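# Tertiary structure, described
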Amino acid sequence: MSPFPRSAIGGLLAVLLATSCASTPVTKGADSQTPPTPDVAWPQTFEAVQAAWLFEDQKLFADAVPRSPPAAIEAAFAAQRAQPGFDLRRFVDAHFAMPPSGPQTQVERHDTLRAHIDALWPQLTRTSPTPAAHDSLLPLPQPYVVPGGRFREIYYWDSYFTMRGLVESGEAELSRQMLDNFAHLIDTWGHIPNGNRSYYLSRSQPPFFSHMVMLEARDDPAVAVRYLPQLRREHAFWMDGADALAPGEAFRRAVRLHDGSLLNRYWDDRDVPRPESFMQDRETAEAGRRPHAQVWRDLRAGAESGWDYSSRWLDDPMRLETIRTTAIVPVDLNSLLHRLEATIATACRESGDAACASHYTALADARRRALETHLWHQDGYYTDYDLERRAPRAGITAAALFPLYAGIATQERAQATARIARRELLAPGGLLTTPVNSGQQWDAPNVWAPLQGVAVDGLQRHGEDALAREIAARFTGNVATLFAREHKLVEKYDGDGALQGGGGGEYSLQDGFGWSNGVVLSLFARYPALERDADRVTRAAARQPARAD
């Protein structure tokens, strides 16, 4: 446990060093055994391949499957690497089965977004009940939908928005199977990892499991009771160690502020480079002056946030090595955990457990009060809280809309946040992630589908209908324009007037794309006229003669 800082440099080190617990075991189910990550299972080979930049995308080798036991590959590598004429690429080809690279979502041409998305779902659906020996892929009992492109596995928070799209496409059974897979992950590992890969087990992602449960409970309220054990277990994962915290202490994801308020932060149980971004993490740590392990844990915690990466986590918005994710209490995370606590309380009440309902209602109420006290900026918007400086962080981001989405915000504060979001974040192509253009992918000029969905839901909940519809119209227009031009949906979009795919980050723009598909369909369901507008754009483009390149 760590006391919160009282000075700028020493305090930050106290938060990060005293909570550095690389040896902390990954939370898991009683009958599970944590599989080794690729950088642990074949460390010499892994480091040599990644350091040589044998593949432009470092995730490709992290997803490779050994053709023989890793110990045998390591022995062969040690014996051969110093021999004259040793060819590293040839060695990899001989000893590893590489995953497919490049787009895997080529479908028959359709002239509407809905038809295209409906045709995409089967191509994005995977099964992995029994992965190959030594594969980093974790088994899942039911079919699931992957985002697309380099993302060949299920992802936690992506999947909620994907599930919303599946429901709109009439794929209710597949949506329920997705929920069952996440319940299975909680039962097996004690939490939902970032994705179903061994190298993702040390962290989670924004906790949308309660939203998934309530999505499936839309026609059957008993669903929440059915998944109550998993809801409570997910909550226990995020709150691990919280009961023992004194004011000003933190442990893993739990934080107790100096006034006794209990909130949460993002974290990762390891403090080494991420296998899927191995050399990027090394280079980032080497660019700064802080201990590398601190930087690596903050990079990993940034990956748990889903916003990897953003000026939101940086001291210097132009320098990734100044990342301080674990020293920041995020407004979106705590809004989602409030919803989790409220959902558990409701399920307990429906199951007849009054004591449980009372307990979780009290937790949700306490979190709401703490959020309203500490995560509100005096300039009129919700924001994150800086543990080192013991103050709200300046600058609005799209995360400010999460208290509206979770039903925490007062009407006055919702209106104030909406005004500043309109002024600072609304762009021609949707709602910007932040107004800062840092080169990171979760900054301007990018607009991301899940944040559009959260913003529209939250604004409508508080009567900000005009702004909600404007965000929806601008984003779906952006998506339709790119689809008409390139016949695909992508991971992120440029919010500027060019209306094109987004940029920045550690890898090239990916297409598919699970959560973009889901959010577009859910916005069409909310605003049918926007679907008609999009269809006019895409059908007009389809009638144009093909250009000669």
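Not measured: the values here are computed from a predicted model. (Residues numbered from 1 in each chain as written. Predicted model: local features only at pLDDT ≥ 70, side-chain atom pairs only at ≥ 80, totals over all residues. Heavy atoms only, no water.)

The next point concerns the overall build of the protein. Within the protein, the regular secondary structure consists of 22 helices and 17 strands. Along the three orthogonal principal directions, the C-alpha set of the protein runs to about 70 × 70 × 50 Å. Per-residue burial for the protein yields a buried fraction of 60% across its 549 residues. For the protein, contacts bridging at least 24 residues in sequence account for 68% of all contacts bridging at least 6. Accessible surface, the protein: about 20,300 Å² in total, of which carbon and sulfur atoms supply 50%. Charged side chains of the protein number 58 positive and 68 negative; the gap between the two group centres comes to 2 Å. (Helix = DSSP H or I, 4+ residues; strand = E, 2+ residues; numbered from the N terminus. Buried < 20%, exposed > 50% of the residue type's maximum accessible area, 1.4 Å probe, protein only. Contact = heavy atoms within 4.5 Å. Areas by Shrake-Rupley, 256 points an atom, 1.4 Å probe, with all protein chains shown as cover. Lys, Arg positive; Asp, Glu negative; His and termini not counted. Charge placed at Lys NZ, Arg CZ, Asp CG, Glu CD.)

This part takes up the side chain of glutamate 341. Structurally, glutamate 341 can be placed in helix α15 (residues 331–351). Discounting residues that sit within four places of it in the chain, glutamate 341 has contacts with His235, Tyr360, Leu363, Ala364 and Arg367.

This paragraph deals with the environment of proline 206. Within the secondary structure, proline 206 sits in the loop between α9 (172–189) and α10 (209–216). Separated by 50 residues in the primary sequence, proline 206 and tyrosine 156 have C-alpha atoms spaced 7.6 Å apart. Not counting chain neighbours up to four residues away, the residues in contact with proline 206 comprise Tyr156, Trp157, Tyr266, Glu304, Ser305, Gly306 and Leu336.

With that out of the way, let us pick up the nonpolar core. Formed by 158 residues in total, the largest nonpolar core has its most connected members in Phe61, Leu113, Phe208, Phe209, Leu459 and Phe475. Each residue touching leucine 113, except ones within four places of it in the same chain, is listed here: Val479, Ala480, Phe483, Leu489, Val520, Phe524, Ala534 and Asp535. (Core = buried A, V, L, I, M, F, W, Y, C linked by side-chain atoms within 4.5 Å.)

Within the open sheet, the three strands sit side by side as β9-β12-β13. Their pairing is antiparallel. Each edge of the sheet is formed by a strand with only one pairing partner; in this case those strands are β9 (328–329) and β13 (391–392). In terms of strand pairing, β9 meets strand β12 (residues 385–386) through two bridges, oriented antiparallel. Paired with valine 329 across the two strands is tyrosine 385, which belongs to β12. (Pairing = 2+ DSSP bridges.)

In total, this model carries 48 salt bridges according to the counting rule given. With a shortest N-O distance of 2.2 Å, aspartate 533 and arginine 536 are connected by a salt bridge. Here aspartate 533 pairs with arginine 536, and both are found in helix α22 (residues 528–543), just three residues apart, close to one helical turn. (Salt bridge = Lys/Arg side-chain N within 4 Å of Asp/Glu carboxyl O.)

What follows concerns the packing of helix α19 (residues 449–461) against helix α21 (residues 514–526). Orientation of α19 relative to α21, taken along the N-to-C sense of each, is 30 degrees, at an axis distance of 8 Å. On the basis of the axis angle, α19 is roughly parallel to α21. The interaxial crossing formed by α19 with α21 has left-handed handedness. In this structure, α19 uses Ala449, Pro450, Gly453, Val456, Asp457 and Gln460 to contact α21, whose residues at the interface are Trp515, Ser516, Val519, Leu523 and Arg526. (Axes fitted to C-alpha atoms, helices over the stretch in contact; angles between N-to-C directions. Parallel < 35°, antiparallel > 145°, perpendicular 65-115°, else oblique. Left-handed = near helix turned anticlockwise from the far one by under 90°.)

What follows is about the packing of aromatic side chains. On inspection of all chains with the given rule, the structure shows 34 aromatic pairs. Arranged with centres 4.8 Å apart and planes meeting at 75 degrees, the rings of tryptophan 376 and tyrosine 382 form a pair that is edge-to-face. Comparing tryptophan 376 with tyrosine 382, the two get one shared label, buried. A cation over a ring is seen here: arginine 253 above tryptophan 238, with NZ or CZ 5.8 Å from the ring centre. (Phe/Tyr/Trp six-rings, centres within 6.5 Å; stacked < 30°, edge-to-face > 60°. Lys NZ or Arg CZ within 6 Å of the ring centre and 35° of its normal.)

Moving on, we get to unusual backbone geometry. Working note: non-glycine residues mostly have negative phi, and peptide bonds are mostly trans. Residue tyrosine 309 follows aspartate 308 across a cis peptide bond; omega there is 10 degrees. In this structure, tyrosine 309 sits in the loop between α14 (292–305) and β9. Here the bond from alanine 444 into proline 445 is cis, since omega is 5 degrees, no more than 30 degrees from zero. For proline 445, the position within the fold is in the loop between β15 (430–431) and β16 (446–447). For tryptophan 53, which is not a glycine, the phi torsion comes out positive at approximately 50 degrees. Locating tryptophan 53 in the fold gives a position in the loop between α3 (43–51) and α4 (59–62). A residue is classified by how much of its surface remains accessible, and tryptophan 53, at 35% relative accessible area, is partly exposed. Non-glycine residue leucine 499 carries a positive phi angle of around 50 degrees. For leucine 499, the position within the fold is in the loop between β17 (493–494) and α21. Assessed through its relative accessible area of 18%, leucine 499 is described here as buried.

The next point concerns helix α7 (residues 113–124). For α7, with 12 residues, the first-to-last C-alpha span of 16 Å sits near the 16 Å given by 1.5 Å per residue. For α7, the full list of buried residues reads Leu113, His116, Ile117, Leu120, Trp121 and Leu124. One side of α7 holds all its buried residues, which, seen down the axis, span an arc of 150 degrees. The elements touched by buried residues of α7 are β4 (125–128), β5 (140–145), α8 (156–168), α20 (465–486), α21 and α22. (Expected span 1.5 Å × (residues − 1). Arc of directions from axis to C-beta.)

Moving on, we come to the environment of glycine 148. Checked against the element boundaries, glycine 148 lands in the loop between β5 and α8. Using a relative accessible area of 3% as the deciding quantity, one classes glycine 148 as buried. Through-space distance from the C-alpha of glycine 148 to that of aspartate 118 is 14 Å; in sequence the pair is 30 residues apart. Those residues in contact with glycine 148 that lie beyond four places of it in its chain are Leu124, Gln510, Asp511 and Phe513.

The subject of this paragraph is the confidence of the model for the protein. Chain-level pLDDT for the protein is 93 on average; 93% of the residues reach the 70-or-more range. Taken together, the stretch residues 5–26 has pLDDT below 50 and engages in 56 contacts with residues farther than four places along the chain or on a different chain. (pLDDT = per-residue confidence, 0-100.)

We now examine α19. Over its 13 residues, α19 runs 19 Å from end to end, which matches the ideal 18 Å to within 8%, given 1.5 Å per residue. For α19, the buried fraction is high: 11 of the 13 residues fall into the buried class. What α19 keeps buried is the set Ala449, Pro450, Leu451, Gln452, Gly453, Val454, Ala455, Val456, Asp457, Gly458 and Leu459. Directly after α19, the chain includes glycine 463, whose backbone phi takes a positive value near 80 degrees.

We now examine the packing of α10 against α15. Remark: α10 packs on α15, axes separated minimally by 8 Å, with the N-to-C direction vectors making an angle of 50 degrees. In this view, α10 runs oblique relative to α15, as classed from their interaxial angle. From α10, Ser210, His211 and Met214 reach across to α15, where they touch Leu336, Arg339, Leu340 and Thr343. Its residues assigned to classes, the contact of α10 with α15 comprises three nonpolar, three polar and one charged. (Nonpolar A, V, L, I, M, F, W, Y, C, P; charged D, E, K, R; others polar.)

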